[in-house]
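The residues making up each chain are set out below.
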Amino acid sequence: GSGQIGGTGGQTDPNNKNLALITGQRGEPFYVSIECAAQQEAAAQGYQLNVQAPEKFEQAEQSQILGGIVASKPGSVIIAPTDDKALAAPLQQAKGNGIQVVEVDTALEDRSIAVTSLSSDNYAGGQLAAQTLVQLLGGKPGSVLALNTKAGTSTTDERAKGFEEEIAKHPNLKLLPTQYTENEPATAAQIVSSTLAANPDLVGVFGTNLNTGEGAGTALSNAGKSGQVQLVGFDASPKQVDDLRNGRVQALIAQNPGKIGQEGVKRAIAAIKGQPVERETKTEMISITRDNLDQQAQYFYKSQC
Amino acid sequence: MTEPLLEARDLVKRYGSVEALRGASFTVHPGEVVALIGDNGAGKSTLVKCLSGVEQPDSGQILVDGEPVSLDSPTAARGHGIETAYQDLAVAPDLDPAANLFLGRELRRPGLLGKLGMLDKAKMRAEATEQFATFGVSLPDLSVPIGALSGGQRQSVAVARSVAWASRLVFLDEPTAALGVVQRERVLDVVRRVRDTGMAVVLISHNMPEVLSVADRVEVLRLGSRVARFNAAEAKLEDLVGAMTGALSQEDAS
Amino acid sequence: MTEPLLEARDLVKRYGSVEALRGASFTVHPGEVVALIGDNGAGKSTLVKCLSGVEQPDSGQILVDGEPVSLDSPTAARGHGIETAYQDLAVAPDLDPAANLFLGRELRRPGLLGKLGMLDKAKMRAEATEQFATFGVSLPDLSVPIGALSGGQRQSVAVARSVAWASRLVFLDEPTAALGVVQRERVLDVVRRVRDTGMAVVLISHNMPEVLSVADRVEVLRLGSRVARFNAAEAKLEDLVGAMTGALSQEDAS
Amino acid sequence: MSTSQKTSADKPVQQTPDEPAVSLRSRLAGSNTVWTGLVLVVLCALFSALRPDAFLTLFNVQNLLVQAAPLLMLAVGMTFVIITSGIDLSVGSVLVFAGVVSAMTMEALSGGDATSAGWGVIAIGLVAALIGGAAWGLLNGLLVAVARVPALIVTLGSFGAALGAAQLLTNGIDVRTVPATLRTTLGTGTSFGVVPNLVILAAIITLLAMWLLHTTAFGRYTYAIGSNSEAARRSGIKVTRHLIAVYTLTGVLAGLAGFMSLAYFGTTTISGHSNDNLNSIAAVVLGGTSLFGGIGTILGSVIGVFIPAVLDAGFVMAGVRPFWQPIAVGAVLVAAVYLDQRRRRARNNR
Amino acid sequence: MSTSQKTSADKPVQQTPDEPAVSLRSRLAGSNTVWTGLVLVVLCALFSALRPDAFLTLFNVQNLLVQAAPLLMLAVGMTFVIITSGIDLSVGSVLVFAGVVSAMTMEALSGGDATSAGWGVIAIGLVAALIGGAAWGLLNGLLVAVARVPALIVTLGSFGAALGAAQLLTNGIDVRTVPATLRTTLGTGTSFGVVPNLVILAAIITLLAMWLLHTTAFGRYTYAIGSNSEAARRSGIKVTRHLIAVYTLTGVLAGLAGFMSLAYFGTTTISGHSNDNLNSIAAVVLGGTSLFGGIGTILGSVIGVFIPAVLDAGFVMAGVRPFWQPIAVGAVLVAAVYLDQRRRRARNNR
Ligand SMILES: Nc1ncnc2c1ncn2[C@@H]1O[C@H](COP(=O)(O)OP(=O)(O)OP(=O)(O)O)[C@@H](O)[C@H]1O
Ligand SMILES: Nc1ncnc2c1ncn2[C@@H]1O[C@H](COP(=O)(O)OP(=O)(O)OP(=O)(O)O)[C@@H](O)[C@H]1O
Ligand SMILES: [Mg+2]
Ligand SMILES: [Mg+2]
């Protein structure tokens, strides 16, 4: 007869001391910071945490990893889904196997699968970036450019979209077509250089993640335009904070990975034990500029656990 | 004399700055063995390639049965019943001897499976075994890829291949160069037998005794053009060598 | 008789299930031309490869000047002054004739640049031109890659290469197979001249008249082992053919 | 045969007396797949021993097989291309393009939301995926065979272009309504109780490809062209046409993979296939197919698909830290091919 | 020469009378680089005409050259590897690894923050980068030449492994203190008023590589091995040793590229080089080097690096919509090689 894959029912064992964390990408500072905090919290509570990550921010490898995790039956999986639709089926299977699903950073479209989500609103992050840029410009007219990574990357797409739609509200700013960098700093640098050559009125750039910001910063400082063209980056890895400090970058939109990691583990444990958890939490996004640099130090990402 | 089966007129073929054929002409009639001889680099292989559709001459005319034709691919030449054993063999080294023998002419299974393209490997292998025996080819293991065979074994396969499929004319470009004494005789026997069935054979060889023993006529190429024609029965070794080296030039006068 | 320059004893070489050499022995003395003959697939080329370090025999012994040696690479054989013209030529098709002639032995510029590895291309080209002339090789364009040359031209380059560098022994595996009448004579002349300088030459050929005209001794291989040895001056064509085909077996008795 | 020199074979082809036995044994030992196959078995055994509770479970086996199914389709097509001594870097992008075309077609036919579409729409969606894949394959084939541009350049170009086209069509945003029927039947459904439907489909296609490559004239020509394309041409094989057919076949299989991926993930996953080309090439080479053409088997490619898949799953279960995984995977890949290579060299060092 | 058959050449080598002239002309026309070079010139002219204010500016030219410098180093190394009929997929990861090792060494020598480090530390950092690159190159070379594992598998393995190792060393977080002196001199400094120092370094290395490949025994052996490695072995060329040297050279150049990238970006950009391998291979093939070995030039690879770079920059300036860009790039790549191919076939259809 016909049936469904992994349709075996399963109950969560409240005494299961194993947790798994699947981040969005291997070696990404934001996720590393989540991992550090999660490891710390799990150890403090006497739980084992198996941390895995796909090589790239892609759903295929992540769902493969998820398959392996589900087979090894942790009590809960804490995951940053790389696609809000594609991971629904494998996460449904996880749930079917009695594994509590906790979403961090991103969330599935289907709200019925996870017990809780601690997700960032990337669209709002993009909006915040635009607002920060407008503030930095102080009414100065000109062109602005957003640098996306790869088309179809849900997080950066959202950020770019939020940015574009917010900028559109300011008629003195001309939005150039959003360019794709393939997540390579060299490509980002080259695009920014070419844009500078073609649009001397460029006044602002938004880099939707670490690598695009990196490339844009290099191109601008190379052209002697650091500070003249306002650069807003995303995330607050140590290098980015340094750049902000020394004026290569004028603002950063930061999330709070330490809090996400810690809270994620806490909720996972609660869910395993059958305790009630809050279904939905939007994690905060804040804008860091040189002026409020020191007040916001708690948002800086960690480089070492 | 009968009408020529294949005739080439004033073929010119250039490779970059090298002129391999400089107005070469050539004739072959049905039922005869023509030897095409000439020094190294005279253009023999190039002529064969032009006449078997592998290369296109830069100028000149090719006639089959007196009609001008364009041999723009090996398939076109094959359509006229022309087969060729190339000097560089042109075999697929990773395939076994039977697969090479039947390359491009695979036997298919009877029935639907055959219509779908399924090969009858057993039959091909059996027929190949027979065919190789005719040429005295002795192969230690029929499943070894042909690239691993000895030079003579490989050449035998290539020659067997061309002779097996020709219906009107077969070009043999130095078919016996790597063959042992026995195998060489077998090939020459086959050449004679093929000729007796009414087919034409063009034999390229540097072995003059061989040429004189098997050919009916001899055409000599030198520096890319035909310089002499002989009736084999009347030709003497010195004449052939003289024509090849340029000591004697008949065609210019004619 | 002098001590053998090179001696092979009971070499066995298997390729998968194929036994190419089944206890083959072979001897060559300084200053002699030894012809190695045998049917297609008898194992001649395999024997040459074993004796020039290209292949390792599965068992058996190789002695140079009476000392057992291990020829585990072509470089090892070359160290003993042994050079080889292989049947499959072993040239680099994308390089030009001069580059192939000097492959692995490039001439370098004088002085520092040469020490740094810089080649003296002009000098190599000039020397190559001279060398090819000796063999009667006529090349239309010295900058054409060797892969585009005619079969005979290519073979001439390979033969010139081995003869040019040998100091004690040169193996020529069917060196004249693709050569024209004139070029063949040149090669045989060179073989004799080389022999007269005291070097040894091992000539593989399927052309019996050629063998009898140039060789001092003849060794016959059949199905991977030596079946007969002849003194060329006394040997008759029938004996050689008989030994190759198995009609006559001398070695078993001896 | 036209002439009839089949006179008495007075000197029969020399054969070793024990031919059949030797041949079978040596063929097995020398075959490209046995050693890599063995590596696969050893890996499975190893992980089963390490995590018997996790690795050898129905769920894990189902998952391994299902998730490998699209890649397997790509690797099967790639095997044909590589045996002709070509290469196809575009498969991942073609997969995405075909998925997009298929999903958009189904959406359009259902008036914007295909979630509740029926089998008729799904069938048209499948055809759209196959045609979308075939179109890029055909383009690749024409450029490689007719214009004679190196396959690497052609398919690198279409790698970018097909993805660009998919993004143009969707404006870079995934198409997200996929018929629920498709998802629950082909995508995650099983037959015979436990066998996922995707796996059944992939297995059927793979078997057909084996049949095509190893027993038909089409397959024979594929090997011949890769072994010596000039010899193939001189033998009257229509090399140009055949190459076009091979690239088109690969495109069609990539289209099918796109449809499978759509059924499984329920969205077009535009950004997620940039490594598919290297992964499928690696699987094919791991399976013993030579990048220089003329040699290879489908079975080898199947094994080549599963070795990395098993490794990835196994490492996750064994809790190997992510940064160590690529190092370990690299080491195992190299070791597997090394064993295979040594074995083959011992048999036949030509 | 040991024997002396240099007797009177009674039949001199036949030569066309007008040899030198013909040879030069035909050599130019037939050379791989002329047609792709022409395409590059045409593209530059086109974009200059479209955006004279932007394309032909000192700023843009400087930028194009500087940003292509690391990729050029990778492509130069790749040229050697591909001429031997090998391939190296690991260059991007080796670049990252070398950058990480170098940056960490400099940090360690300066007690945690290398920003104000002097030339001594920088020199050690350079050496560390070169050694880091050389180590992976050596490993690749050993596995390819000694263990005889296909280069694709070996370097796909080290592609993952080198990146994994870099991530292990840094925990995935970019090393961020790079000596300011290094950044302002090599990274962004210029000499002779306008020539960026990075470009000078890249040009010197490229010229050295041209010299090495086209005039020395090392280069000759590289071609010989790619053309027929068995012939090279039989000619006494130490094929194994040479292959190891070639892969190591490529590793060293990748290490240098990593150092250049460090100087330019001021950080290790760990996650940003996954496309470098295909980009550099494409540049080499675009420049007329055959993937089957034996044929190729450094100059061609230089042109091959700049065609995509000019296209990318030009499209951004011309305001071509992003999704159209990969499609247009693909079309130009294929067209460039097609022209080149047609020209070469006309000259020499062997
Ligand atoms: N593809 C090519 N490119 C350049 N020159 C070529 C090419 N093919 C042949 N040639 C040249 O054309 C001439 C004729 O070559 P061809 O092979 O026809 O000679 P041949 O008479 O068959 O000689 P052989 O007896 O040595 O086989 C030679 O000088 C050869 O170098
Ligand atoms: N690499 C290999 N793999 C399998 N069999 C081989 C290989 N090399 C040679 N053989 C077989 O070994 C036997 C001897 O081959 P070899 O090349 O030594 O013959 P030969 O005497 O040189 O013949 P010829 O006169 O045709 O050149 C042949 O039967 C051949 O098929
Ligand atoms: Mg010829
Ligand atoms: Mg031989």
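Residues numbered from 1 in each chain as written. Chains lettered and ligands numbered in written order. Predicted model: local features only at pLDDT ≥ 70, side-chain atom pairs only at ≥ 80, totals over all residues. Heavy atoms only, no water.

**Student:** Please explain the overall build of chain B as it appears in this structure.
**Tutor:** Tallying secondary structure elements over chain B gives 9 helices and 10 strands in all. With the C-alpha coordinates aligned to their principal axes, the bounding extent of chain B is approximately 60 × 40 × 40 Å. Every one of the 254 residues in chain B was classed for burial, and the buried ones make up 62%. Nonlocal contacts in chain B, meaning residues at least 24 apart in sequence, comprise 63% of its contacts between residues at least 6 apart. By element, 50% of the accessible surface of chain B is carried by carbon and sulfur atoms, the whole surface being about 8700 Å². Treating the 27 positive side-chain charges of chain B as one cloud and the 33 negative ones as another, the clouds have centres 5 Å apart. (Helix = DSSP H or I, 4+ residues; strand = E, 2+ residues; numbered from the N terminus. Buried < 20%, exposed > 50% of the residue type's maximum accessible area, 1.4 Å probe, protein only. Contact = heavy atoms within 4.5 Å. Areas by Shrake-Rupley, 256 points an atom, 1.4 Å probe, with all protein chains shown as cover. Lys, Arg positive; Asp, Glu negative; His and termini not counted. Charge placed at Lys NZ, Arg CZ, Asp CG, Glu CD.)

**Student:** Mind showing me how you'd approach the interface of chain C and chain E here?
**Tutor:** It is common to give the size of an interface as the accessible area lost on bringing the parts into contact. If you look at the interface, chain C gives 56 residues, while chain E gives 37 residues. Where chain C abuts chain E, roughly 3900 Å² becomes buried across the two surfaces, and 52% of that area is made up of carbon and sulfur atoms. Linking chain C with chain E are 1 salt bridge. Linking C:Asp88 and E:Arg234 is a salt bridge whose minimum nitrogen-to-oxygen distance equals 3.0 Å. Mapped by element, the contributors of at least two residues to the side of chain C that touches chain E are helix 2 (74–79), helix 3 (97–101), helix 5 (121–134), helix 6 (151–165) and helix 7 (181–196) of chain C. Tallying contributions element by element places helix 5 of chain C first for the side of chain C that touches chain E, with 9 residues. In terms of residue class, the side of chain C that touches chain E is built from 31 nonpolar, 11 polar and 14 charged. (Buried area = accessible area lost by both parts, 1.4 Å probe. Salt bridge = Lys/Arg side-chain N within 4 Å of Asp/Glu carboxyl O. Nonpolar A, V, L, I, M, F, W, Y, C, P; charged D, E, K, R; others polar.)

**Student:** Explanation requested: the packing of aromatic side chains in the structure shown.
**Tutor:** Within a pair of aromatic rings, the relevant descriptors are the distance that separates the centres and the angle that separates the planes. According to the stated counting rule, one finds 18 aromatic pairs over all chains in the structure shown. Relative to D:Phe315, the ring of D:Phe47 lies with its centre 5.8 Å away and its plane at 90 degrees, an arrangement referred to as edge-to-face. Separated by 268 residues along the polypeptide, D:Phe47 in helix 2 (residues 32–50) and D:Phe315 in helix 13 (residues 298–318) bring together distant segments of the chain. Taken as a pair, D:Phe47 and D:Phe315 share a single burial class, namely buried. Over the ring of B:Tyr86 we find D:Arg234, and its NZ or CZ is 4.3 Å from the ring centre. (Phe/Tyr/Trp six-rings, centres within 6.5 Å; stacked < 30°, edge-to-face > 60°. Lys NZ or Arg CZ within 6 Å of the ring centre and 35° of its normal.)

**Student:** Quick question: what am I supposed to make of the packing of helix 6 (residues 185–198) of chain A against helix 13 (residues 298–318) of chain E here?
**Tutor:** How two helices sit against one another is set out by the angle between their axes and by the gap between those axes. Where helix 6 of chain A meets helix 13 of chain E, the axes come as close as 8 Å, and the angle between the chain directions of the two elements is 45 degrees. Taken together, the axes of helix 6 of chain A and helix 13 of chain E are oblique relative to one another. For the pair helix 6 of chain A and helix 13 of chain E, the sense of crossing is right-handed. The segment helix 6 of chain A lies against helix 13 of chain E, with A:Gln190, A:Ile191, A:Ser194, A:Thr195, A:Ala197 and A:Ala198 engaging E:Ala309, E:Asp312, E:Ala313, E:Val316 and E:Met317. (Axes fitted to C-alpha atoms, helices over the stretch in contact; angles between N-to-C directions. Parallel < 35°, antiparallel > 145°, perpendicular 65-115°, else oblique. Left-handed = near helix turned anticlockwise from the far one by under 90°.)

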